[in-house]
Amino acid sequence: MTGIDNYAWNPKGKQTLMLDIALTSIFYYKSSFWLVVSNFSVYSFRSILQKRYKVTFVISLLITIFYFVVGNIIDEKCAFNYYIVFHNQSVMEEYTQEPILKAGYQIGPILTRNIIDKEMKFRREAIGGLEKIKYQPATPWLTKILYDKSEIIVIRTDAYQALTTFDTEETQKILIDFKNQATDSLDKKVVELGEYFLKHR
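So, here is what we can say about the structure in this document. (Residues numbered from 1 in each chain as written. Predicted model: local features only at pLDDT ≥ 70, side-chain atom pairs only at ≥ 80, totals over all residues. Heavy atoms only, no water.)

A short note on the packing of aromatic side chains
Counted only if it meets this: Stacked, tilted and edge-to-face are the three classes assigned to paired rings of Phe, Tyr and Trp, where Trp is represented by its six-membered ring and a pair needs centres within 6.5 Å; plane angles under 30 degrees give stacked, over 60 edge-to-face, the rest tilted. Each helix corresponds to a stretch of at least 4 residues labelled H or I by DSSP, and each strand to a stretch of at least 2 residues labelled E; elements are numbered beginning at the N terminus. Only protein chains enter the accessibility calculation, which uses a 1.4 Å probe; a residue is then buried when its area is under 20% of its type maximum, exposed when over 50%, and partly exposed in between.
Across all of its chains, the model carries 11 aromatic pairs by this definition. Measuring from centroid to centroid gives 5.9 Å for Phe33 and Tyr67, while their planes differ by 45 degrees, and the two rings are tilted. Residue Phe33 is found in helix α1 (residues 15–49), and its partner Tyr67 is found in helix α2 (residues 53–88); the two are separated by 34 residues along the sequence. Judged by relative accessible area, Phe33 falls into the buried class, the value being 7%. Ring pairing ties together the aromatic residues Phe33, Trp34, Phe66, Tyr67 and Phe68, which thus form one cluster.

Below you can see the structure in the form of structure tokens.
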């Protein structure tokens, strides 16, 4: 779904323009990629019918290489554009993570670089998006947010939930240490809310 109407329910300023540029780029990359894959696949199928098995093997190998190598490059290119969509969208809250989910794991580095900014637009949704795509390299940044007493509780709670969902040895240790050190009311509230929201999803 690359139509502007899907992301611009109440656009302001340059949002429509930015969405148009980003969505057009995504459409171009995705269409070009699948056009090549489909053409190679058709040619491979025809080769099978003609019993040209060596040709079929070579084409199948090329398709596989193209799919994984070029596909990864395409995903990286699209991830930046999906972030532009995420940042410029104007939709209901329950739909704000859609661009992140469509971009997948490749958008992780972009979100991670930005979640430290306390003025980031859709910051909670970005942290929640990192949790859903399970972008574990974000662990150090989420840990910093978790321990930062100048952060609002809901943001720290979001970080707590994301780290819990990652469920790695590193995040388990981080959370155990945090709970053991949670002596003041703010830290205890983060743990309490984090556990509550995790149980009532």
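That was the structure; now back to the text.
Observations regarding the side chain of Thr139
Heads up, the condition is: N or O atoms within 3.5 Å of each other form a polar contact, as long as, within protein, one can give a hydrogen and the other can take it, and as long as residues adjacent in sequence are counted only when both atoms are side-chain atoms. Contact criterion: two residues are considered in contact whenever any of their non-hydrogen atoms come within 4.5 Å of each other.
Its place among the elements puts Thr139 in helix α6 (residues 139–147). Since its relative accessible area comes to 2%, Thr139 is described here as buried. Within the local environment of Thr139, its side chain forms a polar contact with the backbone oxygen of Gln136, the two atoms lying 2.6 Å apart. Setting aside anything within four residues of it in sequence, one finds Thr139 in contact with Leu163, Phe166, Glu170, Thr171 and Ile174.

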